[in-house]
Structures are given as C-alpha cells and as structure tokens.
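Each chain, written out:
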Amino acid sequence: MLDPKIETMERPELEALQLKRLQKTVRRLYNRVPFYKNAMDKMGVKPSDIKVLSDLAKLPFTTKTDFRDEYPYGLVAVPKDDIVRIHASSGTTGKPVVSCYTKKDLEMWGDCVARGLAACGVTPKDTLQVAFGYGLFTGGLGLHYGAQYLGATVIPTGAGNTQKQLMLMQDMDTSVLVCTPSYALIIAETAKAEGINLKKSNLRIGVFGAEPCSENMRDDIERKLGIRAYNIYGLTETLGPGVAVECTCRKGMHIWEDNFIPEIINPDTGEVLPPGEKGELVLTNISREAQSILRYRTHDITSLVYEKCECGRTHVRMDRVGGRTDDMIKVKGVNVFPSQIESILLSVKGVEPHYQIIVDRRDGFVCDDIEIHAEVSEAAFTDNMSNLIGIKNELVATLQSVLGIKATVKLVEPHSIKRSEGKSKRIIDRSELNK
Ligand code: DLL
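## Description of the overall build of the protein chain
Right, on to step 1. Check the secondary structure of the protein chain and you find 13 helices and 22 strands.
Right, on to step 2. Here the C-alpha atoms of the protein chain give a radius of gyration of 22 Å, agreeing with the 22 Å that 2.2 N^0.38 yields for 435 residues.
Right, on to step 3. Viewed in the frame of its principal axes, the protein chain has a C-alpha envelope of about 70 × 50 × 40 Å.
Right, on to step 4. By the burial criterion, 55% of the 435 residues in the protein chain qualify as buried.
Right, on to step 5. Carbon and sulfur atoms make up 51% of the accessible area of the protein chain, which totals about 18,900 Å².
Right, on to step 6. Separation between the mean location of the 57 positive side-chain charges and that of the 57 negative ones in the protein chain comes to 2 Å.

If you want it as structure tokens, here you go:
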C-alpha cells in the first residue's frame, strides 16, 4: 500500500476530512469562479450552507455543456500563470473539454495513479509500457507520471506501432502493460500472428481502462496475454485516469475519497440514490487547485460499495462501468448497453471480442431492432457451415433469453472489423455505415 494512513482511514475520519475539503473548495469556487457563484446564487445556496456532507446535494451539477460554454478557462480558479499543464478531450462535436493543472495538482494526480498501480500489485521493480495515447488525452501522461511517482520504470511507447511494442516488450522485459482493453487485444492478435508467445515473456500485469470492458472480455485478454488484468477509471473533466482503480481483490475500483466525493443519482430526476443502488456517477473534486469541479455528471452507470474491502482499504468501491447513459440502446423498450451484448457474444465459443452494433438511430438510441456484427475465430470460420449456423442461432437465442432483445446477428470474417488502438466505437448508426 502506498499510503496506508490515507488508504485505510476509518470512515468517520475520512468523512471529516472530506467535509473540511469540500467546504474549502466551495468557498474558493464561490469567490473565484463566476460560473459557480452564478449557479449557486440561482439555487439560493451559500458556501456557509455546507454544514454536513449530505449538503453536497444542495450544490449545482456541472455538465459537459458547461465545460463547452466556459471554454477555455471559465472554470479555472487560479491565475493563469499557476497552470502548468493543460489536457483536453475532443468528444465528437464542438469545443474540447479542457482540464487544467497546477504543480500541486500534478502531484496529487501522480499520487492517485501511483496508489492505484500499487493497489493492483505494481512495484517500483516493475517496468511499465504505457501504450495509451500521449498528448491531449490524459491516458498517456497520466499513467506515465503515476508510474514514475511510484518509482517504477516507464517505457513511454504511446499507442500504435504494435510490432515495435512487441519488440520492446520482449527486449526490455516489460512486466506491466498499460492501455485500453481494445489495444490489448490488438497486441495479443499481433503477437499471435508474429508467432510471439507472450506467456513466456516477463509480462504479468495489465492495467486497462478508458473504455468499458466486460468480465468476459477481461478473461479473454488475460488468457491471450497470460497476465492478470486490472481496471482503471477516470475522466478528463475531474482529473484523468486514477480517479478509481481496482485492487488485487478485484471487487470494485477504489475511488480515492480524500480527493473526490462520489454520488449516485437517478439520471432522469437528478435525485441522490442510497448506497448500493445503480445509477449515474457524479463526482466532486475536493483537493484540486486549478479546476475543482462540483458534482460533475459523468453519465457513467455504476454503483458504490462502502464496506471496507478485504485488502484493508476503506475508500469506497465503484462497480465496473456497465455503460454510459448516452450509449444506452433502447430496443423496442428494452434498455441494453454494448457491454451486456459483449458479454453474451464472448460467452459463445468461436466468437471473437470484435463486434459492432448497428442501430437505426431515431431519438437518441431508441430503435426497433439492432444488427450485431460479430467476428468469428479463424477456427470457427474454416469449420463447416452447420457450425457457423449453430453459433449464430446460439447468439440470437442467448440475446433473446438473457437480455430480452431480438437482434439480427451477422457473423463476419476474422479481422474484418476495424480495430482501435484507443477507445473502440461499438455503436454505429446505420446512416454512417452507408456513407
Ligand atoms: O478515458 C481517462 C482515462 C485514461 C481513464 C486512461 C482510464 C485510463 P476521457 O477521454 O475523458 O478520459 O473519457 C472518460 O471514459 O466517463 C467513461 O465513460 C470512460 N471510461 C474511462 N475509464 C473507464 C473504465 C479517460 N475503466 C470516459 N471503464 C468516462 C469503463 C471508462 N469506462
């Protein structure tokens, strides 16, 4: 454990620390950030109204639209000269979401990531290959500084150039691979094609994040790479990677509560839900100087467990993110997330973890039917026709019985679905397909 005093702090003490930091943050934002002063005035709430932790619910939410409206520096609470780093996430339309950091913020970020790496068994003796994109994306530099903070060796390969990644991985005795689950699959696939057996290499741990990954997908990656894989979560708006990370118990990701206060809300009403219930994760920064964000609506669907973990850490655990509210597909009234479909695809032998969900987008992702393109393994592809028909029928039947949706399934050739070195795009609008 990197910081046992903080990581195992008993709840009353942890909550007292949170309240103190929340009060200070709210006061600073009210005095320094006109956006928050206006939003709080509109709701008739003053910094002095925050007396207990549950008073958090009195504060306004912050949304992605607010980030765009306040672009570039509207949410910043320090003089511009104090900013030492800026990251941004592009999104699909409009201005990017900007995230600014002071020197102290970078230390806090490094500490969050380092704690997380230590929690999943990484030590200063390890060599990490950071194959997340470097640049405006927070993945590369976020993990880079975290690993350095821990005292481990970093190979900053960035994403892409997979053959070179494999060469370095073997020559430099890489023990930890850090990337998106999608890229981990490309690495496994390329290794197989090149006849490289990574199970014989030094590689022992994978730290994967930035996109959803079902348990079945994780099993598949672990099997192919001969590693144990851990989940790391975060988002540009509130920090970057390292908001939450799994420990070796793998029973949820610890959110570093000395830096963040999480809430779960009903995404339709905004009402705060009791512990354990599933809903949208809302995050509040309580230790950031440059850009503390109040009640950021992440759109990520998860639930929280407050019981102390078997590892001894007391910080709350969030369940794996099943999907985003904006990725939810409504098929004839039944709500499904791509990761639920992924789970089913991978439960059928002969199906590879490469797929696309084609929808006729009407209002959001409300549609009458979906078409799933699922890649089959080389062995299944060269098998006889009746086996392929069997795979397809099994998929259709399982989707119907487990998720209650009627889907058209198309089995496609090995390697025919576009691979991603970063985040995979699983949902494709049919109109895009025909472009
Ligand atoms: O993806 C930060 C990050 C980098 C996290 C590297 C982990 C590792 P954004 O590009 O702003 O930041 O995207 C944030 O990605 O709201 C989730 O929807 C999704 N996401 C991130 N981590 C996970 C995860 C980075 N472990 C958005 N599981 C978030 C599922 C994840 N979804």
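## What about the sheet that holds strand S10 (residues 260-265)?
As a general point, the strands of a sheet are linked pairwise by backbone hydrogen bonds and lie either parallel or antiparallel.
Right, on to step 1. Across the sheet, 4 strands lie side by side as S10-S11-S12-S15; this open sheet has antiparallel pairing. Because the sheet does not close on itself, it has two edges, and the strands there are S10 and strand S15 (323-324).
Right, on to step 2. Relative to strand S11 (residues 279-285), S10 runs antiparallel, the two being bridged by 6 bridges. Each residue of the ladder has a partner; that of Pro262, found in S11, is Leu283.

## Topic: the pairing of strand S1 (residues 85-89)
Right, on to step 1. Most of S1 is tucked away: 4 of the 5 residues are buried.
Right, on to step 2. Relative to strand S2 (residues 97-101), S1 is paired through 5 bridges, and the arrangement is antiparallel. Looking at S2, one finds that Ala88 is bridged to Val98.

## Some remarks on the domain arrangement of the protein chain
Right, on to step 1. Domain boundaries assigned for the protein chain yield domain 1 (1-325) and domain 2 (329-433).
Right, on to step 2. Averaged C-alpha coordinates put domain 1 and domain 2 at centres separated by 29 Å.
Right, on to step 3. Facing 23 residues of domain 1, the contacting portion of domain 2 comprises 17 residues.
Right, on to step 4. Taking both sides of the interface into account, the surface hidden between domain 1 and domain 2 amounts to around 1,600 Å²; carbon and sulfur atoms contribute 54%.
Right, on to step 5. Broken down residue by residue, the surface that domain 1 buries against domain 2 is led by Glu189, Asn216 and Met217, which jointly contribute 28%.
Right, on to step 6. Inspection of the region where domain 1 meets domain 2 yields 10 residue pairs in polar contact (both at pLDDT 80 or more).
Right, on to step 7. Going through the elements one at a time, helix H8 (181-193), helix H9 (215-225) and S15 are the ones with two or more residues in the side of domain 1 that touches domain 2.
Right, on to step 8. Considering every element that reaches the side of domain 1 that touches domain 2, the biggest residue donor is H8, with 5 residues.
Right, on to step 9. When grouped by side-chain class, the residues that make up the side of domain 1 that touches domain 2 number 10 nonpolar, 8 polar and 5 charged.

## Some thoughts on the pairing of strand S7 (residues 228-235)
Right, on to step 1. Buried residues dominate S7, accounting for 6 of its 8 residues.
Right, on to step 2. Both strand S6 (residues 205-209) and S7 contribute to a ladder of 5 bridges, which runs parallel. Looking at the pairing, Ile205 lines up with Arg228 of S7.
Right, on to step 3. Taken together, S6, H9 and S7 constitute a β-α-β crossover, and its handedness is right-handed.
Right, on to step 4. Bridge analysis of S7 against strand S8 (residues 240-246) gives 4 bridges, and the strand direction is antiparallel. Note that in S8 the partner of Tyr233 across the bridge is Ala244.
Right, on to step 5. What sits between S7 and S8 in their antiparallel hairpin is a turn of 4 residues.

## Some remarks on the layout of surface pockets
Right, on to step 1. For the second largest pocket, the calculated volume is near 700 Å³.
Right, on to step 2. What lines the second largest pocket is a set of 31 residues, among which Lys192, Asp220, Lys224, Glu352 and Ser377 lie closest to the centre.
Right, on to step 3. Sorting the residues of the lining of the second largest pocket by element identifies H8, H9, strand S18 (351-359), strand S20 (370-376) and helix H11 (378-382) as the ones contributing at least two each.
Right, on to step 4. Looking at the lining of the second largest pocket, its residues break down into 13 nonpolar, 6 polar and 12 charged.
Right, on to step 5. When residues of the lining of the second largest pocket are assigned to domains, at least three map to each of domain 1 (1-325) and domain 2 (329-433).

## Points about the environment of Leu29
Right, on to step 1. Mapping Leu29 onto the fold places it in helix H2 (residues 11-32).
Right, on to step 2. Since its relative accessible area comes to 0%, Leu29 is described here as buried.
Right, on to step 3. Expressed as a C-alpha distance, the spacing of Leu29 and Leu56, which sit 27 residues apart in the sequence, is 14 Å.
Right, on to step 4. Dropping the residues within four chain positions of it, Leu29 is found in contact with Tyr36, Ala77, Ser292 and Leu294.

## So, H9
Right, on to step 1. Within H9 the residues assigned to the buried category are Met217, Arg218, Asp220, Ile221, Glu222 and Leu225.
Right, on to step 2. Looking one or two residues past H9, Gly226 carries a phi angle of roughly 65 degrees, positive in sign.

## Observations regarding the pattern of salt bridges
Right, on to step 1. In total, this model carries 29 salt bridges according to the counting rule given.
Right, on to step 2. Lys251 is the partner of Glu310 in a salt bridge, and the nearest nitrogen-oxygen pair spans 2.7 Å. With Glu310 in the loop between strand S13 (304-305) and strand S14 (317-318) and Lys251 in the loop between S8 and strand S9 (253-255), this pair connects stretches of sequence that are 59 residues apart.
Right, on to step 3. Overall, Lys251 belongs to the partly exposed group, its relative accessible area being 46%.
Right, on to step 4. The partner of Glu375 in a salt bridge is Arg419, with the nearest N and O atoms 2.8 Å apart. You can see Glu375 sitting in strand S20 and its partner Arg419 sitting in the loop between strand S21 (407-412) and strand S22 (427-429), a full 44 residues away along the chain.
Right, on to step 5. Taking the relative accessible area as the measure of exposure, Glu375 reaches 1% and is therefore buried.
Right, on to step 6. Given a relative accessible area of 22%, Arg419 falls into the partly exposed group.
Right, on to step 7. Through salt bridges with shared partners, a single network forms among Glu215, Arg218, Glu246 and Arg320.

Conventions adopted
Residues numbered from 1 in each chain as written. Predicted model: local features only at pLDDT ≥ 70, side-chain atom pairs only at ≥ 80, totals over all residues. Heavy atoms only, no water. Helix = DSSP H or I, 4+ residues; strand = E, 2+ residues; numbered from the N terminus. Rg over C-alpha atoms; globule rule 2.2 N^0.38 Å. Buried < 20%, exposed > 50% of the residue type's maximum accessible area, 1.4 Å probe, protein only. Areas by Shrake-Rupley, 256 points an atom, 1.4 Å probe, with all protein chains shown as cover. Lys, Arg positive; Asp, Glu negative; His and termini not counted. Charge placed at Lys NZ, Arg CZ, Asp CG, Glu CD. Pairing = 2+ DSSP bridges. Domains from an automatic or database assignment. Contact = heavy atoms within 4.5 Å. Buried area = accessible area lost by both parts, 1.4 Å probe. Polar contact = N/O pair within 3.5 Å; in protein donor to acceptor, adjacent residues only side chain to side chain. Nonpolar A, V, L, I, M, F, W, Y, C, P; charged D, E, K, R; others polar. Right-handed = clockwise from strand over helix to strand, strands pointing away. 1 Å grid on protein atoms, 1.4 Å probe; cavity = no way out; pocket = protein on both sides within 12 Å on 5 of 7 lines; lining within 4 Å. Points joined across faces, edges and corners; volume = space filled by probe spheres on them. Salt bridge = Lys/Arg side-chain N within 4 Å of Asp/Glu carboxyl O.

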